[in-house]
Amino acid sequence: MAIIDLKDALTRGQRTKGSVCITQTPQVRSGKKNDFMVGRFVNQDQDVEFKIWDEYIYGQVLEYGTGVYQADVEGSEFNGQQYLTVHRIEPELDPAIKKEDFLEKVPSDNIMLMWKEIRKQLTALGVKQECWNLIDAIINAPELEGRFMTEGAAVSHHDSLIGGLVHHTLKMLRILITLVKNNDYLKDHVDLLTMGVFLHDIGKVFEYNELEMGPYWYANHRVRGIEYVSKFKDDIIAAYNEAFYRQLQSIIIGHHGEFGDRPTTVAAGIVHYIDTVESQVTELIDLEKKSSDKKIYIRDWGYLAGLDY
Ligand SMILES: [Fe+2]
Ligand SMILES: [Fe+2]
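Bear in mind the structure is a predicted one, so any value in this text is a computation, not a measurement.

Rules of the game
- Every residue gets a number counted from 1 within its own chain, in the order that chain's sequence is written.
- To label them, take the chains in the order written and letter them from A, then take the ligands in the order written and number them from 1.
- Local features in this predicted model are restricted to residues of pLDDT 70 or higher, and side-chain atom pairs are both shown and tallied only at a pLDDT of 80 or more, whereas totals for entire chains, interfaces and linings draw on every residue.
- Every helix listed is a DSSP run of H or I at least four residues long, and every strand listed is a run of E at least two residues long, numbered separately from the N terminus.
- Working definition of burial: number of other C-beta atoms within 10 Å of the residue's own, with buried at 20 or more, exposed at 12 or fewer, and partly exposed in between, all C-beta atoms being placed from the backbone.
- By definition, a nonpolar core groups buried Ala, Val, Leu, Ile, Met, Phe, Trp, Tyr and Cys residues that connect through C-beta atoms lying within 7 Å of each other.
- Distance between backbone-placed C-beta atoms decides contact: two residues are in contact if it is within 7 Å.
- As annotated, the domain borders come from an automatic or database domain assignment.
- Classes in brief: Ala, Val, Leu, Ile, Met, Phe, Trp, Tyr, Cys and Pro nonpolar; Asp, Glu, Lys and Arg charged; the others, Gly included, polar.
- Axes, fitted as lines to C-alpha atoms, cover a helix only where it is in contact. Angles between the N-to-C directions of the axes lie from 0 to 180 degrees.
- Orientation labels follow simple angle bins: below 35 degrees gives roughly parallel, above 145 gives roughly antiparallel, 65 to 115 gives roughly perpendicular, and whatever is left gives oblique.
- Crossings are classed by handedness, with left-handed meaning an anticlockwise turn of the near helix from the far one by less than a right angle and right-handed meaning a clockwise turn.
- Two strands qualify as a pair provided DSSP detects at least 2 bridges between them.

## Quick look at the overall build of the chain
When you go through the chain residue by residue, the secondary structure sums to 11 helices and 10 strands. Its C-alpha atoms give the chain principal-axis dimensions of about 65 × 45 × 35 Å. The 309 residues of the chain split such that 34% are buried.

## Brief notes about the nonpolar core
The biggest cluster of nonpolar side chains holds 39 residues, and the ones touching the most others in it are Val197, Leu199 and Leu248. Among the elements that make up this core, the one with the highest residue count is helix α5 (residues 164–182) (7 residues). Every residue in contact with Leu248, bar those within four places of it in the chain, is listed here: Leu192, Met195, Gly196, Leu199, Val229 and Ile236. By size, the runner-up hydrophobic cluster in this structure holds 27 residues, among which are Cys21, Met37, Val68 and Phe102.

## Things to note about the domain arrangement of the chain
Once the domains are mapped, the chain shows domain 1 (6–100) and domain 2 (104–290). The straight-line distance from the C-alpha centre of domain 1 to that of domain 2 is 35 Å. In this assembly, 8 residues from domain 1 lie in contact with 8 residues from domain 2. In terms of residue class, the side of domain 1 that touches domain 2 is made up of no nonpolar, 4 polar and 4 charged.

## Some remarks on unusual backbone geometry
Backbone geometry places Asn79, a non-glycine residue, at a positive phi of 50°. Structurally, Asn79 can be placed in the loop between β5 (67–78) and β6 (81–91). Exposure remark for Asn79: the 4 C-beta atoms within 10 Å place this residue in the exposed category.

## Quick word on the packing of helix α10 (residues 242–254) against helix α11 (residues 266–290)
In the contact formed by α10 and α11, the axes pass within 8 Å of each other and the chain directions differ by 40°. Taken together, the axes of α10 and α11 are oblique relative to one another. Our pair here, α10 against α11, has a crossing hand that is right-handed. Only Ala267, Ala268, Val271 and His272 of α11 make contact with α10, whose side of the interface consists of Gln247, Ser250, Ile251 and Gly254. Class assignment for the residues of the contact of α10 with α11 results in 4 nonpolar, 4 polar and no charged.

## Examining the sheet that holds β6
Reading across from one edge, β1-β5-β6-β4-β3-β2 is the order of the 6 strands in this open sheet, with mixed pairing throughout. Among the strands making up the open sheet, the edge pair consists of β1 (15–22) and β2 (27–30). Averaged over neighbouring strand pairs, the angle between their axes works out to 45° when direction is ignored. Of the strand pairs in this sheet, β1 and β5 are connected by 8 bridges, and their pairing is antiparallel. Across the sheet, Val20 pairs through a bridge with Tyr69, a residue of β5. Strands in contact with helix α2 (residues 55–64) are β1, β3 (35–43), β4 (46–52), β5 and β6; relative to β6, the strand with the most contacts, it is inclined by about 75°.

Here it is, written out as structure tokens:
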């Protein structure tokens, strides 16, 4: 059976049968009469709320968790909010339909083109060959199984798509290039900043698993990043010195700014600013694209009108 076009299925009163995918554990809430389940189905750029009113139906989802299901849904609306009412849902039995069929991907040709261009520009700004050799060795180490290239940058925020982590990293490097061009002083430190941007989120390969929280998500990606990069400590110190390695650690620890361990070096502060600009702008654009009325809600600011004029 086909994958359900979620936007199409929202048409009020319309019944649709087909495959759906749940990537985040739905919630069970208590209602006036009974408990009910609220969750989200995703398919490529579509992300639609569903509700299940009967426990004997949502029991299947509680038992099997996230993944691909066969469902019978009905387009519904309450107080202007559209959602899908689920009348039947069972785990997908057709092995040909996989979770990755539902997940949005950054086209890998785009990634390769960006990568080549960025490497050329950063080399022109002074990044040394030994810096590239270390970066290549760290992100392509066999134990990562190529996942730096496929994992998402987030589960529910910016760049939550296959290849999102490398895409987020490359977009940050483009911002770094501009900052280095604007500030000659940074040219002497371009190896540290380049390696810092490349590795700041490397621990997400362990925190997440195919855009879901990994089993040990609670030891966050900053801790896992420090742990992973420590395997290359001797190589990094041999190419530079211990201070360079400790500065790199400070970038991984402090890159969330006031939302984590505070930055303790200027390098960590710079990477935090680049990370914030890149992820927040991407998120604003994603929210606007997904909004049906081009109006978005930001917790600290309230409603924002879209870019149309
Ligand atoms: Fe991060
Ligand atoms: Fe990041």
